[in-house]
Amino acid sequence: MGQEIALVTGAGQGIGAAVAERLHADGFRVALLDIDPAAASEVAARLDPQGRTAIGVAADVREPEAVRAALEQVRERLGSPDVLVNNAGRTVPKSVWDIELDEWDDVLATNLRSVLLLTRELAPAMAERGWGRVVNLTSLAGQQGGLVAGAHYASSKAGIIVLTKIFARELAASGVTVNAVAPAAVHTPVMADMPQSQLDKAVESIPVGRFGQAGEVAGLVGYLCGPDAGYVTGATMDINGGVFMR
């Protein structure tokens, strides 16, 4: 592989930052897109202080025009992305009976509509070049219906699994693969605000006896973005410590 370009959304922290770090280590030039420009720029500067192979870009994935402006900035500074990792997401733990419709729409726009938007913006150019990778972050909640994460979160992640298959079929003949990665409980900054007793109880339900690490998820994403994964498309890859086996 040469100096392919990867764009990672929600790359300012957690799994998104770990994915950006992994792809950069694998030789990609990486654009880190995040609603928090300072966080994205901080990670990018850690990867390349000169800003030649890693850049932070500000954009709210709920806003199509903001996304398009950010993508134009990426094209000007790095080039047209060969890899897209749709990681940006919002989780709101709440009972299905208590979700306001505006909040439902906001979570779906952040988590699911953004996948549609960014894939349609970037995948056609990949197809024209004859090579590309799209990896979408879904969740165990999207496979089983997460009660803790919120019905809107779970529904958006289920939608990602279906949308992954649809884009995979559309793009398969062009050399562009589209896959999803479905983590269960992964140790991220979000857990810092959770009571230890709740964390301990959650670990008890995981057969391997621990939470996953962001770097482990990034390793799986890295494989799917690499040259050896050309025969894998339309798949949802589980990474859940044995919580859901099939």
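Residues numbered from 1 in each chain as written. Predicted model: local features only at pLDDT ≥ 70, side-chain atom pairs only at ≥ 80, totals over all residues. Heavy atoms only, no water.

Caption draft 1: Quick look at the pattern of salt bridges. Counting across every chain of the model gives 12 salt bridges. Residue arginine 62 pairs with aspartate 106 through a salt bridge whose shortest N-O separation is 2.6 Å. Here arginine 62 is found in the loop between strand 3 (54-58) and helix 3 (64-77), whereas its partner aspartate 106 is found in helix 4 (residues 101-129), with 44 residues between them in sequence. Accessibility expressed as a relative area gives 19% for aspartate 106, which makes it buried. Where lysine 94 meets glutamate 103, a salt bridge forms, and the shortest distance between an N and an O atom there is 3.0 Å. On the basis of relative accessible area, glutamate 103 is assigned to the buried category, the value being 16%. Through salt bridges with shared partners, a single network forms among Asp60, Arg62, Arg90 and Asp106. (Salt bridge = Lys/Arg side-chain N within 4 Å of Asp/Glu carboxyl O. Helix = DSSP H or I, 4+ residues; strand = E, 2+ residues; numbered from the N terminus. Buried < 20%, exposed > 50% of the residue type's maximum accessible area, 1.4 Å probe, protein only.)

Caption draft 2: Quick look at helix 1 (residues 14-25). Between its first and last C-alpha atoms helix 1 spans 17 Å; for 12 residues at 1.5 Å apiece the expected length is 16 Å, and the two agree. Those residues of helix 1 lying buried are Ile15, Gly16, Ala17, Ala18, Val19, Ala20, Leu23 and His24. Note on helix 1: the residue one or two positions beyond its end, glycine 27, has a positive phi of about 105°. (Expected span 1.5 Å × (residues − 1).)

Caption draft 3: Structural context of a negative patch on the surface. A grouping of Asp98, Glu100, Asp102 and Asp105 is seen on the molecular surface, where their side chains present a negatively charged patch. Within the secondary structure, aspartate 98 is located in the loop between strand 4 (83-86) and helix 4. (Patch = residues over 30% accessible without salt bridge, like charges linked within 9 Å, V, L, I, M, F, W, Y side chains within 5 Å. Areas by Shrake-Rupley, 256 points an atom, 1.4 Å probe, with all protein chains shown as cover. Lys, Arg positive; Asp, Glu negative; His and termini not counted. Charge placed at Lys NZ, Arg CZ, Asp CG, Glu CD.)

Caption draft 4: Spotlight on the packing of helix 3 against helix 4. Helix 4 packs onto helix 3 with a crossing angle of 40° between their chain directions and a minimal axis gap of 11 Å. Taken together, helix 3 and helix 4 sit at an angle that is classed as oblique. Pair helix 3 / helix 4 crosses with right-handed handedness. Taking contact as the criterion, the partners of Pro64, Val67, Arg68, Leu71 and Arg75 in helix 3 are, on helix 4, Arg113, Leu117, Leu118, Glu121 and Leu122. (Axes fitted to C-alpha atoms, helices over the stretch in contact; angles between N-to-C directions. Parallel < 35°, antiparallel > 145°, perpendicular 65-115°, else oblique. Left-handed = near helix turned anticlockwise from the far one by under 90°. Contact = heavy atoms within 4.5 Å.)

Caption draft 5: Main features of the environment of tryptophan 104. Its place among the elements puts tryptophan 104 in helix 4. Classification of tryptophan 104 by relative accessible area gives partly exposed; the value is 31%. Placed 49 residues apart in sequence, tryptophan 104 and isoleucine 55 show a C-alpha to C-alpha distance of 32 Å.

Caption draft 6: Summary view of the side chain of serine 156. Following the sequence through the fold, serine 156 ends up in helix 6 (residues 151-171). Classification of serine 156 as buried rests on a relative accessible area of 0%. Residues within four places of serine 156 in sequence aside, it is in contact with Val107, Leu108, Asn111 and Leu112.

Caption draft 7: Inspection of the packing of helix 4 against helix 6 at higher detail. Running from N to C, helix 4 and helix 6 point in directions that differ by 15°, and their axes come no closer than 9 Å. Classified by the interaxial angle, the pair formed by helix 4 and helix 6 is roughly parallel. For helix 4 against helix 6, the interelement crossing comes out right-handed. On helix 6, the residues that touch Glu103, Trp104, Val107, Leu108, Asn111, Leu112, Val115, Leu116, Thr119, Arg120, Ala123 and Ala127 of helix 4 are Ala151, His152, Tyr153, Ser155, Ser156, Lys157, Gly159, Ile160, Leu163, Phe167 and Leu171.

Caption draft 8: View of the sheet that holds strand 4. Ordered in space as 3-2-1-4-5-6-9, the 7 strands form an open sheet in which the pairing is parallel. In the strand order of this sheet, the two ends are held by strand 3 and strand 9 (236-239), each with one partner. The sheet shows a mean angle of 20° between the axes of neighbouring strands, direction not considered. Taken together, the 6 bridges between strand 5 (residues 132-137) and strand 6 (residues 176-183) define a ladder with parallel strand orientation. For asparagine 136, the partnering residue across the bridge sits in strand 6 and is alanine 180. Lying over the sheet, helix 1 contacts strand 1 (5-9), strand 2 (29-34), strand 3, strand 4, strand 5 and strand 6, oriented at roughly 170° with respect to strand 1. Along the sheet, helix 6 contacts strand 5, strand 6 and strand 9; its crossing angle with strand 6, the most-contacted strand, is approximately 160°. (Pairing = 2+ DSSP bridges.)

Caption draft 9: Broad picture of the side chain of aspartate 48. Within the element layout of this structure, aspartate 48 appears in the loop between helix 2 (37-47) and strand 3. Of the side chains with opposite charge, arginine 52 lies nearest to the buried aspartate 48, which makes no salt bridge, at 5.0 Å. Separated by 3.0 Å, the side chain of aspartate 48 and the backbone nitrogen of glutamine 50 make a polar contact. Every residue in contact with aspartate 48, bar those within four places of it in the chain, is listed here: His24, Thr53 and Ala54. (Polar contact = N/O pair within 3.5 Å; in protein donor to acceptor, adjacent residues only side chain to side chain.)

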